Amino acid sequence: MRTIDVSNLENLLPDGWLENAEILKASLINKTNEQRRAIFKASPIWQDLLLVLKRLSNNKCWYSEAQEVMSDMDVDHFRPKNEAKNIDNEGKSIKREGYWWLAYDWKNYRLSSIYSNRARKDKHTEEDKSFGKGAFFPLRDGCNAATCLDELDDEVIYLLDPINPNDPDLLFFTNDGKAIPSVEEEDEPWNFSRAKVSIDIYHLNHTPLKDARLVVWNLCERKINQIKKINRKTYRTAGDNARIEILKQELRDMVSKDSEFSAVAISCIEKNKIRMAA
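The rules behind the values
Residues numbered from 1 in each chain as written. Predicted model: local features only at pLDDT ≥ 70, side-chain atom pairs only at ≥ 80, totals over all residues. Heavy atoms only, no water. Phe/Tyr/Trp six-rings, centres within 6.5 Å; stacked < 30°, edge-to-face > 60°. Helix = DSSP H or I, 4+ residues; strand = E, 2+ residues; numbered from the N terminus. Buried < 20%, exposed > 50% of the residue type's maximum accessible area, 1.4 Å probe, protein only. Lys NZ or Arg CZ within 6 Å of the ring centre and 35° of its normal. Axes fitted to C-alpha atoms, helices over the stretch in contact; angles between N-to-C directions. Parallel < 35°, antiparallel > 145°, perpendicular 65-115°, else oblique. Left-handed = near helix turned anticlockwise from the far one by under 90°. Contact = heavy atoms within 4.5 Å. Nonpolar A, V, L, I, M, F, W, Y, C, P; charged D, E, K, R; others polar.

Draft legend 1. Region of the structure containing the packing of aromatic side chains. A full pass over the atoms with the stated rule returns nine aromatic pairs. Here Tyr 63 and Tyr 202 contribute two aromatic rings whose centre-to-centre distance is 4.0 Å and whose plane-to-plane angle is 15°, an arrangement assigned as stacked. Of this pair, Tyr 63 sits in the loop between helix H4 (50–56) and strand S1 (73–77) while Tyr 202 sits in the loop between helix H6 (189–201) and helix H7 (207–231), and the two are 139 residues apart along the sequence. With respect to burial, Tyr 63 and Tyr 202 carry one shared label: buried. Taken together through their ring pairs, the aromatic side chains of Phe 78, Tyr 99, Trp 101 and Phe 137 make up a single cluster. Positioned above the aromatic ring of Trp 100 is the side chain of Arg 36, whose terminal nitrogen or guanidinium carbon lies 3.7 Å from the ring centre.

Here it is as structure tokens:
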């Protein structure tokens with residue numbers, strides 16, 4: 001996960017989109033849940049923003065950093081519109097009313113791959129458990145769910161949010177492609193819990209994802225090892241110095257926000273403790 005800058009997103013909206021969204025939002029007031037669902041089904045105008053959201057991440061899922069080429073992407077409602085599910089201490093889901101009043105608010109949209117957004121099993125393992133965000137939006141114990149815009153800042157949410165600059169850094173990746181919390185539980189118990197819950201709900205350890213990350217990690221590590229090998233030389237030639245510059249530029253390209261699984265390359269560089277210019 002990398003931070004997604006949405007500061008200019010409002011200026012990229014299609015002509016008339018905001019006005020249409022306001023009309024539809026007003027039509028939801030004093031409606032039953034069934035009536036609202038019918039409005040959502042008839043007017044899913046969030047889909048009109050798919051290409052705009054893709055441009056902000058170079059076609060990458062905002063949760064997994066995977067570029068979807070042969071499957072669809074979803075415009076995910078970060079706070080679910082129809083219903084929201086929490087998780088109790090026994091792992092059971094508890095339903096509450098959804099954030100229907102954010103259904104047509106562009107600030108609530110995130111670009112997601114199907115495997116991060118919808119309930120899916122990992123068909124590459126024998127585990128009989130589904131992952132994927134769906135309607136899950138767990139809150140910290142004792143926290144009241146917001147019922148209007150003014151109450152959103154009072155929510156203490158579990159899920160890592162890719163538009164929050166502080167959240168993506170809570171994820172780290174191992175040399176086998178696995179997503180893990182970047183902090184220790186004893187040092188930062190709440191942040192550890194947020195990362196752990198998000199890894200499951202966003203399905204960040206789906207087997208094909210781990211395999212794809214492993215390819216990036218191995219490529220990154222090979223470049224790092226080449227740099228280390230040259231640096232161990234007692235005498236370096238001009239060719240050696242030029243080679244190091246090429247390798248470091250290739251690493252900078254790998255950690256660019258536009259690159260697929262760039263956070264994996266960052267984790268690899270941090271673990272190998274190689275000095276890199278910004």
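Draft legend 2. Unusual backbone geometry, seen in detail. Residues other than glycine seldom take positive phi values, yet Asn 30 does so here, at roughly 60°. Checked against the element boundaries, Asn 30 lands in the loop between helix H2 (17–27) and helix H3 (33–42). The phi dihedral of Asn 58 is positive, around 55°, even though this residue is not glycine. Tracing the backbone through its elements, the reader meets Asn 58 in the loop between H4 and S1. Judged by relative accessible area, which is 31%, Asn 58 ranks as partly exposed.

Draft legend 3. Up close: the packing of H7 against helix H9 (residues 262–272). Interhelical geometry of H7 versus H9 gives an angle of 40° and a closest axis separation of 9 Å. Classed by the angle they form, the pair H7 and H9 counts as oblique. Relative to H9, H7 is oriented so that their crossing is right-handed. Residues Arg 213, Val 216, Trp 217, Cys 220, Glu 221, Ile 224 and Lys 228 of H7 touch H9, and the partners they reach there are Val 264, Ala 265, Ser 267, Cys 268, Ile 269, Lys 271 and Asn 272. The residue inventory of the contact of H7 with H9, partitioned by class, reads eight nonpolar, two polar and four charged.

Draft legend 4. Examining the environment of Asp 154 more closely. Turning to its location among the elements, Asp 154 is positioned in the loop between strand S6 (130–131) and strand S7 (171–173). For Asp 154, a relative accessible area of 57% puts it in the exposed group. With 73 residues separating them in the primary sequence, Asp 154 and Lys 81 have C-alpha atoms 19 Å apart.

Draft legend 5. Spotlight on the side chain of Asp 74. For Asp 74, the location among the structural elements is in strand S1. For Asp 74, a relative accessible area of 8% translates into the label buried. Residues contacting Asp 74, with those up to four places away along its chain left out, are Arg 110, Leu 111, Ser 112, Ile 114, Asn 117 and Arg 118.

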